[in-house]
Amino acid sequence: MTEKPTDTADFGTTRRGFLRASVAGSALAVTGGAGMAQTPDPLITTVQPWAQSFGDGVDATPYGLPIRFETDVVRRNVPWLTADVTSSINFTPIHALDGTITPQGCGFERHHSGAIELSKDDYRLMINGLVDTPLVFTYADLERFPRESRVHFLECAANTGMEWAGAQLNGSQFTHGMIHNMEYTGIPLRLLLEEAGVQPEGKWILVEGADASSNGRSIPMEKALDDCLVAFKANGEALRKEHGYPVRLVVPGWEGNMWVKWLRRIEVGDQPWETREETSKYTDTMADGSARKWTWVMDAKSVVTSPSPQMPIKHGTGPLVITGLAWSGRGSITRVDVTVDGGKTWHEARLAPQASDKALHRFYFDHVWDGSEMLLQSRATDSTGYVQPTKAALRAIRGLNSVYHNNCIQTWWVKSNGEAENVEIS
Ligand SMILES: Nc1nc2c(c(=O)[nH]1)N[C@H]1C(S)=C(S)[C@@H](COP(=O)(O)O)O[C@H]1N2
Ligand SMILES: [Mo]
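## Observations concerning the overall build of the protein
Here's step 1: Helix and strand counts for the protein come out as 8 helices and 23 strands.
Here's step 2: By the compact-globule yardstick of 22 Å for 426 residues, the protein fits well, its C-alpha radius of gyration being 24 Å.
Here's step 3: With respect to the principal axes defined by its C-alpha atoms, the protein has extents near 80 × 60 × 40 Å.
Here's step 4: Taking all 426 residues of the protein together, the buried fraction comes to 50%.
Here's step 5: Carbon together with sulfur atoms contributes 53% to the accessible area of the protein, which is approximately 20,100 Å² in total.
Here's step 6: Averaging the positions of the 41 positive and the 51 negative side-chain charges in the protein gives two centres separated by 1 Å.

Laid out in structure tokens, this is it:
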């Protein structure tokens, strides 16, 4: 190994310290890695074309898009899942993202009758039913209510649903990508309900979208008055059309299906409506064949996003950043453990600070890979003390025929060549 270049001032002392540590601890084997060039590197020693002329002016891109080298960081679908394009689903490229915020442009979409275009001018929100004063709000009306900003994850109840009967899809984007995490700005639903005046018998609300499917769902009043938001911004800007422009409901920690997009009506009632979306769909098939209703909360779950089938290890042995996401609809994640040997030994991962309750957490486990095969898993523990279950534990209760609410521990088999595969271990 040669000396590290002396000209590393720009990296700062921490970076130099890291490199020196890497050289000293030769077990890290970062040969050919950062700072270890053996021969003069033209990217360092010669002036490159991009340094010889002007770059783009500020008027080249009024609204910025990712640079062309990042065009593979996109939503993808699974063809056999999407029989037709208007009733469809695609997946967030969680394998390629870091941190916790999902850019709207690649946050997964789920539409039952396609994404509609509804302008602010044409927007109306009605509150009726068991209220003192039925009301209709315009978009401009909504903008005058006190608002809040909070980060929350939205997970479709069907996320990981294709994995019940066996390891099936190769990539965290496909197994766990029906999730996104955005900073929402909106009005506490409680304020709008208070404006209309909920009558004492009003124990439930029905929420409906303006699209043809309407996606009606019943929500208990307790949740409606707790932390739901009638949101019009995500990550600082207007909601994208596909996420419900101009207004969607945010139901923190509860299954994505309840987060009605293009929100047009809220009816207050004294019992649930038993809509199509909560009877024929979004119930949980149990091992004995019966269906469990009203399972709204998304339980604690985690997944290693890299390495993973779409993110093979390309750098050989030595330092390896293992990272992933963890979340709980019941609050926050207090701990994530990672195993590289299929659960024989667990190591506590580092958790990045959390943005809000019921938001995604990012975890990191800094590993030194010796090049041997790994059975990589992560296991989340949430603020209620609940621990993410194994697939076997979940199947003992739910059987193999469920679709929704699969929060089991995921296994990636990482081979010596760095490639990874979705597997199950027993
Ligand atoms: N109006 C309406 N709201 C809807 C849907 C829909 O089809 N129509 N799909 C629901 C489902 S099943 C999910 S998982 C989420 C998906 O939100 P997203 O498309 O912003 O990711 O929206 C929910 N809200
Ligand atoms: Mo969903």
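We are not done yet, so read on.
## Here's the deal with the sheet that holds strand β15 (residues 301–306)
Here's step 1: Strand order in the open sheet formed by 4 strands is β15-β16-β20-β19, and the pairing between neighbours is antiparallel. Every other strand in the sheet has two partners, leaving β15 and β19 (350–351) as the edge strands with one partner each.
Here's step 2: Note: strand β16 (residues 318–327) against strand β20 (residues 361–369), 9 bridges, orientation antiparallel. Looking at the pairing, L325 lines up with R362 of β20.

## Digging into the environment of V336
Here's step 1: Mapped onto the secondary structure, V336 falls in strand β17 (residues 333–339).
Here's step 2: On the basis of relative accessibility, which here comes to 0%, the residue V336 falls in the buried class.
Here's step 3: In this structure, the C-alpha to C-alpha distance between V336 and R350, residues 14 residues apart in sequence, is 7.7 Å.
Here's step 4: Contacts of V336, omitting those with residues within four sequence positions, involve A326, H347, E348, A349, L351, F363, S378, R379 and A380.

## Regarding the site of ligand 1
Here's step 1: F108, H112, D211, R248 and K261 are the nearest of the 22 residues found near ligand 1.
Here's step 2: With respect to ligand 1, the side chain of D211 contributes an N or O atom lying 2.8 Å from a nitrogen atom.
Here's step 3: A distance of 2.7 Å is found between an oxygen atom of ligand 1 and a side-chain nitrogen or oxygen belonging to R248.
Here's step 4: About the coverage of ligand 1: the protein hides 100% of its 530 Å² of free accessible area.

## Considering the packing of aromatic side chains
Here's step 1: In total, this model carries 10 aromatic pairs according to the counting rule given.
Here's step 2: Each ring, one from W254 and one from W296, has its centre 4.9 Å from the other, and the planes form 5°; the classification is stacked. In this pair, W254 sits in the loop between β11 (248–250) and β12 (263–269) while W296 sits in the loop between β14 (291–292) and β15, placing the two residues 42 residues apart along the sequence. Assigned by exposure class, W254 and W296 land together as buried.
Here's step 3: Taken together, the ring pairs connect W204, W254, W294 and W296 into an aromatic cluster.
Here's step 4: The residue whose ring lies beneath K415 is W413, and the NZ or CZ to ring-centre distance is 4.7 Å.

Reading the values: the criteria
- Residues numbered from 1 in each chain as written.
- Chains lettered and ligands numbered in written order.
- Predicted model: local features only at pLDDT ≥ 70, side-chain atom pairs only at ≥ 80, totals over all residues.
- Heavy atoms only, no water.
- Helix = DSSP H or I, 4+ residues; strand = E, 2+ residues; numbered from the N terminus.
- Rg over C-alpha atoms; globule rule 2.2 N^0.38 Å.
- Buried < 20%, exposed > 50% of the residue type's maximum accessible area, 1.4 Å probe, protein only.
- Areas by Shrake-Rupley, 256 points an atom, 1.4 Å probe, with all protein chains shown as cover.
- Lys, Arg positive; Asp, Glu negative; His and termini not counted.
- Charge placed at Lys NZ, Arg CZ, Asp CG, Glu CD.
- Pairing = 2+ DSSP bridges.
- Contact = heavy atoms within 4.5 Å.
- Near = heavy atom within 4 Å.
- Polar contact = N/O pair within 3.5 Å; in protein donor to acceptor, adjacent residues only side chain to side chain.
- Phe/Tyr/Trp six-rings, centres within 6.5 Å; stacked < 30°, edge-to-face > 60°.
- Lys NZ or Arg CZ within 6 Å of the ring centre and 35° of its normal.

As far as function goes, none of this settles anything; it's purely spatial.
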